[in-house]
Every structure is written in C-alpha cells, then in structure tokens.
Amino acid sequence: MDTPFTRIYYSSVKIQTSLRITIRFVLASIMLAMGLVLTGCHSTCDARGPSEECEIHHVLMRTELIDNDHPPAKTIEYVIARQQAFPHTYPFALPDQCNKCVVYICDDCVRAEKEWNRRHPNGK
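Residues numbered from 1 in each chain as written. Predicted model: local features only at pLDDT ≥ 70, side-chain atom pairs only at ≥ 80, totals over all residues. Heavy atoms only, no water.

**Points about the pairing of strand 3 (residues 100-105)**
Part 1 of the reasoning: The buried fraction of strand 3 amounts to 5 of the 6 residues, a majority that puts the element mostly inside the structure.
Part 2 of the reasoning: One ladder, built from 3 bridges, connects strand 1 (residues 44-46) with strand 3; its direction is parallel. Within strand 3, the position partnered with cysteine 45 by the bridge is cysteine 101.
Part 3 of the reasoning: Two strands pair when backbone bridges link them, and strand 2 (residues 62-67) and strand 3 are joined in this way by 6 bridges, in the antiparallel orientation. Residue pairing for strand 3: leucine 65 is matched across the bridge by valine 102. (Buried < 20%, exposed > 50% of the residue type's maximum accessible area, 1.4 Å probe, protein only. Helix = DSSP H or I, 4+ residues; strand = E, 2+ residues; numbered from the N terminus. Pairing = 2+ DSSP bridges.)

Next comes the structure, spelled out in structure tokens:
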C-alpha cells in the first residue's frame, strides 16, 4: 500500500541511511588525516651504522636520538678530519625527510672533534 505514512517512513529510512554513510565517511577521513599527521610529520630515521664499536677508538658507542636541525655546511678540511679522526660525533648532515635521527655517538670522537675545533677555530 502506498500511503502517506509509508512514503514518510521510507524517506526517513533513506535519510537515515545516507546520514550514516556521511558520518562514516567523515569519521574515516578524520582518522586518515590524524594518521598522516602523526606519522608523516614526525618521522624518525635510524642512521646508526652496522657496528656498535667505533672503528677509530675501538670503544662501544651509545645510541642517541637527535633533532635534525640542518646545521650549516662544514669545510672540506673538517670533513676530511672527521672521516679520519672522529667519524661518530654529532652529525652535521642527515636526511631531509627525518625530523629526528637515531645515531651512534662515540664519546672519544666527541672529545677529538672538540680538540680539532680548538686547534682550527675557522674550520681550516
């Protein structure tokens, strides 16, 4: 039977169904946006090498989480000295897509870098 009451009932069912679908879509969109914000903007990279032992000083290094603050570029003299004498001090170049990085830090390398900087105040 097609009465005014059945028409109202079926139209209210259609409205309820479309409202449920809209609410589900909105909730799913919000959850997706939150997931992207929480994972994409706060990425942490693992920049540790294959060994926990410093190949220069032969001591165990500690793991540290550091901010990727993009410090200024270093001189070529510094880069060469770093490779030869203190490779596991705080990094000056990390991947741009990482906000934080997990790295190995050798305390002897940090001391050697401080000494090199004291002897070479202009980075040369």
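**Considering the pattern of salt bridges**
Part 1 of the reasoning: In the structure shown here, the tally under the stated rule is 7 salt bridges.
Part 2 of the reasoning: Residue aspartate 107 pairs with arginine 62 through a salt bridge whose shortest N-O separation is 2.9 Å. One end of the pair, aspartate 107, is in helix 3 (residues 107-119); the other, arginine 62, is in strand 2, with 45 residues separating them in the sequence.
Part 3 of the reasoning: Classification of aspartate 107 by relative accessible area gives partly exposed; the value is 37%. (Salt bridge = Lys/Arg side-chain N within 4 Å of Asp/Glu carboxyl O.)

**Brief notes about the sheet that holds strand 1**
Part 1 of the reasoning: Read from one edge of the open sheet, 3 strands run 1-3-2, paired in mixed fashion. If you trace the sheet from one side to the other, it starts and ends with strand 1 and strand 2, each paired once. On average, each strand axis in the sheet is inclined to that of its neighbour by 30 degrees, with strand direction left out of account. (Axes fitted to C-alpha atoms, helices over the stretch in contact; angles between N-to-C directions.)

**A few points about the state of the cysteines**
Part 1 of the reasoning: By the definition in use, this model includes 1 disulfide.
Part 2 of the reasoning: Linked covalently through their sulfurs, cysteine 45 and cysteine 98 form a disulfide whose S-S length is 1.4 Å. In this structure, the disulfide formed by cysteine 45 and cysteine 98 twists by about -70 degrees around the S-S bond and is classed as left-handed. Separated by 53 residues along the polypeptide, cysteine 45 in strand 1 and cysteine 98 in the loop between helix 2 (76-85) and strand 3 bring together distant segments of the chain. (Disulfide = S-S within 2.5 Å.)

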